[in-house]
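Descriptive structure summary
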Amino acid sequence: MPRTLRGRTAIVGAADTDVGVIKTMGATQLCIEAIIRALADAGITKDEIDGLVTCNSMAEPYLYHAETVAEYLQIFPKYCVSVGAGGGTTFTALHQAASAIESGICNTVVIAMADSLRSGMTREKALAMQSSTGHPQFERPYGLPVPAYYALIAQAHMHEYGTTPEHLAAVAVATRQHAMRNPNAQMRTPITVDDVLSSRMIADPLHLLDCSLVSDGGAAVVLTSRERARDFRRRPVFLLGVGEGHGHEHISAARSLTTSAAVEAGQRAYAMAGVGPKDMDFAQLYDCFTPVVLIELEDLGFCAKGEAGPFVAAGHTAPGGSFPVNTHGGLLSHTHPGNPGSMFALTETVLQLRGDAGERQLDKAGLALVHAQGGIMSSHCSIILGREDAA
Amino acid sequence: MTDILAKPVPVASPETAEYWSGAKRHELLIQHCSSCGHHQFYPRVLCTACSGRMLTWVRASGRGTIRSYTVVRRPVSEAYAPDVPYVVALVALAEGPSMMSRIVAIDPEAVRIGLAVEVTFQDWTDAVSVPVFRAAG
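The structure presented is a predicted model; accordingly, all values stated were derived computationally and were not measured.

1. Side note on the overall build of chain B
In terms of helices and strands, chain B carries 1 helix and 8 strands. Reading chain B from its N end, one meets helices and strands in the order α-β-β-β-β-β-β-β-β. Here the C-alpha atoms of chain B give a radius of gyration of 16 Å, agreeing with the 14 Å that 2.2 N^0.38 yields for 137 residues. Taken over the C-alpha atoms alone, chain B extends approximately 45 × 40 × 25 Å along its principal axes. Going through the 137 residues of chain B one by one, you find that 33% of them count as buried.

Shown next as structure tokens:
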């Protein structure tokens, strides 16, 4: 029988720091704070960690980031690594950590990520740093801010499938409706499609409210083997499937502007878990910009190509809809501290699957797909999490 | 460390030096594989189609069509503020490869996917010229 990660590891602790504008903590401190809170949630001490994964910070970068965090805590892990795949980082890290546990390198891994893009850097510098994902010779000289790269994708999707600015705006509206039910979300005032369309144009067709936030914050999870998971106080949330897809780094070298390597990531995750898109109760989809959610809904098999715009506009992904997406409020309305952004999609999914999501708890939350991507629709990773150890 | 807020003037690497010297002469150079006939951009040491290393530089026609575009209203940094609003686009060259560029000398509202464009060059410094595109004449 082929070896598989299906059901072999589980998340047994999860926590977020405060998010938004956090002037009282630097990026490293936010990372430490996230770890302290996740360990408290799991009910273990720092000395029980034998693996540590972090992502580097833009505001407080270290050449050896994870080692710096281990040293700060005075822990001495067997497995210690910093990852960097942009927004996809969180789930590629989970993929690697689960593999490290399954192969016996370590038993209990903390994945912790934080940054302070809002308070630790000037706004100008935060935006310029993020746009440095562009090719230094063949893209960056033309002066694209990050929204412009995604605008190229949006324009192509509109041209090819008839997606409209109203469809894009509907993503922002549905996501805000979820955020209104989350007391920790940064943006909780209701918005309408008209509000999105009348907000300042950044890079056609993307308006200000089609773009995600720039924030401070962090989160951490504790991952352990299925055998050990039973000893923890929290109901374990099992990793049932994980898959990656890497299509390009620079959008000018992409195979397609409108179909991404989310296709491969999703197929690999579904195959491992032995399920399909119709089995999912909800999803958290990377939403750095509104068109990304539409392409992910399509590429991950929740809608046919070109049908995601009308699907979202009909309210399916909103609270109470047939398929809730980004139940915490996403990067658009909850928080977005850069590379750690999808950590919050992960911790939210853990809360939902445990039944601990409070006011916004979904009625049906047994199986979920969480997807993130980094670069400009470049590095993709899908994970499937469940309440039970098999789907 | 280079200033992240400064305008990034391209710095040639060994495998791209020929491309940038062509741009200086206002010629758009791309690579052609002598083994399989594939054209590619950006410059690489191997052919991405056949993995061969028999690559030669050829002058592209400079003609292409817009695959996608956007009008940047909020510049990436202050260095680009004088250009706002500016059109950036992915251009599919007649030879096949795509490249990022600017569309110049056009009303931004008139830009469309599929528009035929042709290369022109902007002299940025004494040593560096950058290819941009305008509506084909």
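Next comes the rest of the write-up.
2. What about the pairing of strand E8 (residues 129-135) of chain B?
Residue and element names in this part refer to chain B. Strand direction decides the pairing type here: strand E7 (residues 116-123) and E8, joined by 7 bridges, are antiparallel. What sits directly across from aspartate 123, in E8, is serine 129. Counting the residues that bridge the hairpin from E7 to E8 gives 5 residues.

3. Quick notes on the sheet that holds strand E2 (residues 39-40) of chain B
Taken in spatial order, the 3 strands make up an open sheet running E2-E1-E3 (chain B), and their pairing is antiparallel. What marks the edges here is a single partner per strand, and that holds for E2 and strand E3 (55-59) of chain B.

4. Focus: the sheet that holds strand E8 (residues 237-246) of chain A
Within a beta sheet, neighbouring strands are joined by backbone hydrogen bonds and run either parallel or antiparallel to one another. Residues and elements named next belong to chain A. Spatially, E3-E2-E4-E7-E1-E8-E11-E10-E9 is the arrangement adopted by the 9 strands of the open sheet, whose pairing is mixed. The open sheet has two edge strands with one neighbour each: strand E3 (79-83) and strand E9 (282-285). Within the sheet, the average angular offset between the axes of one strand and its neighbour, ignoring direction, is 25°. In the sheet, E9 pairs with strand E10 (residues 367-374) via 4 bridges, with the strands oriented parallel. Within the sheet, the bridge partner assigned to leucine 285 lies in E10 and is histidine 371. Each of strand E1 (9-16), strand E2 (51-55), E3, strand E4 (108-116), strand E7 (216-225), E8, E10 and strand E11 (379-386) is contacted by helix H3 (residues 89-102), which is oriented at about 120° to E8, the strand it contacts most.

5. Thoughts on the domain arrangement of chain A
Residue and element names in this part refer to chain A. Under the domain assignment, chain A is made up of domain 1 (9-121 + 215-229) and domain 2 (146-214 + 241-386). One C-alpha centre belongs to domain 1, the other to domain 2, and the line joining them spans 23 Å. Taken together, the contact between domain 1 and domain 2 spans 31 residues of the former and 30 residues of the latter. Of all elements in the fold, only E1, H3, E4 and E7 reach the threshold of two or more residues within the side of domain 1 that touches domain 2. Top contributing element to the side of domain 1 that touches domain 2 by residue count: H3, with 7 residues. For the side of domain 1 that touches domain 2, the per-class residue count stands at 15 nonpolar, 12 polar and 4 charged.

6. A closer look at the interface of chain B and chain A
The interface of chain B with chain A comprises 31 residues on the first partner and 29 residues on the second. When residues of the side of chain B that touches chain A are assigned to their parent elements, the largest contribution, 6 residues, is made by strand E4 (residues 63-72) of chain B. The residue inventory of the side of chain B that touches chain A, partitioned by class, reads 19 nonpolar, 6 polar and 6 charged.

7. Some remarks on helix H6 (residues 165-179) of chain A
Between the first and last C-alpha of H6 of chain A there are 21 Å, a value that for 15 residues agrees with the 21 Å anticipated at 1.5 Å per step. Among the 15 residues that make up H6 of chain A, 13 are buried, leaving the element largely enclosed by the rest of the structure.

8. Quick look at the nonpolar core
All names here are of chain A. Counting 167 residues, the largest nonpolar core has Ala38 and Ile111 as the members making the most contacts within it. Looking at which element gives the most residues to this core, the answer is helix H5 (residues 146-161), with 10 residues. Two domains share this core, each providing at least three of its residues, namely domain 1 (9-121 + 215-229) and domain 2 (146-214 + 241-386). Every residue in contact with isoleucine 111, bar those within four places of it in the chain, is listed here: Val53, Ala93, Leu94, Ala97, Ala220, Val221 and Leu223.

9. As for the packing of H5 of chain A against helix H10 (residues 290-299) of chain A
All names here are of chain A. The N-to-C vectors of H5 and H10 enclose an angle of 55°; their axes lie 9 Å apart at closest approach. Viewed along their axes, H5 and H10 adopt a mutual orientation that is oblique. Read as a crossing pair, H5 and H10 show a hand that is left-handed. Here H5 contributes Tyr150, Ile153, Ala154 and His157 to the contact with H10, which in turn contributes Pro291, Val292, Leu294 and Ile295. Looking at the contact of H5 with H10, its residues break down into 7 nonpolar, 1 polar and no charged.

10. A look at the pairing of E7 of chain B
One ladder, built from 3 bridges, connects E4 of chain B with E7 of chain B; its direction is antiparallel. Looking across to E7 of chain B, one finds that threonine 65 of chain B is bridged to alanine 116 of chain B.

11. What to know about the environment of aspartate 47 of chain A
All names here are of chain A. Among the structural elements, aspartate 47 can be located in the loop between helix H1 (27-42) and E2. For aspartate 47, a count of 11 C-beta atoms within 10 Å translates into the label exposed. Counting along the chain gives 27 residues from aspartate 47 to glutamine 74, while the straight-line C-alpha distance between them is 8.8 Å.

12. So, the confidence of the model for chain B
Here chain B averages 95 in pLDDT, while 99% of its residues score no lower than 70. Scored as a whole, the predicted complex attains pTM 0.97, and scored at its interfaces, ipTM 0.97.

13. Notes on unusual backbone geometry
In this chain, aspartate 204 of chain A is followed by proline 205 of chain A through a cis amide linkage whose omega measures 5°. Topologically, proline 205 of chain A is positioned in the loop between strand E5 (201-203) and strand E6 (206-207). The linkage connecting valine 84 of chain B with the following residue, proline 85 of chain B, adopts the cis geometry, with an omega of -10°. Structurally, proline 85 of chain B is set in the loop between E4 and strand E5 (86-93). Of note, the phi angle at serine 51 of chain B is positive, near 65°, even though the residue is not glycine. Position of serine 51 of chain B relative to the elements: it lies in the loop between E2 and E3.

Basis of the calculations
Residues numbered from 1 in each chain as written. Chains lettered and ligands numbered in written order. Predicted model: local features only at pLDDT ≥ 70, side-chain atom pairs only at ≥ 80, totals over all residues. Helix = DSSP H or I, 4+ residues; strand = E, 2+ residues; numbered from the N terminus. Rg over C-alpha atoms; globule rule 2.2 N^0.38 Å. Buried ≥ 20, exposed ≤ 12 C-beta atoms within 10 Å, placed from the backbone. Pairing = 2+ DSSP bridges. Axes fitted to C-alpha atoms, helices over the stretch in contact; angles between N-to-C directions. Contact = placed C-beta atoms within 7 Å. Domains from an automatic or database assignment. Nonpolar A, V, L, I, M, F, W, Y, C, P; charged D, E, K, R; others polar. Expected span 1.5 Å × (residues − 1). Core = buried A, V, L, I, M, F, W, Y, C linked by C-beta atoms within 7 Å. Parallel < 35°, antiparallel > 145°, perpendicular 65-115°, else oblique. Left-handed = near helix turned anticlockwise from the far one by under 90°. pLDDT = per-residue confidence, 0-100.

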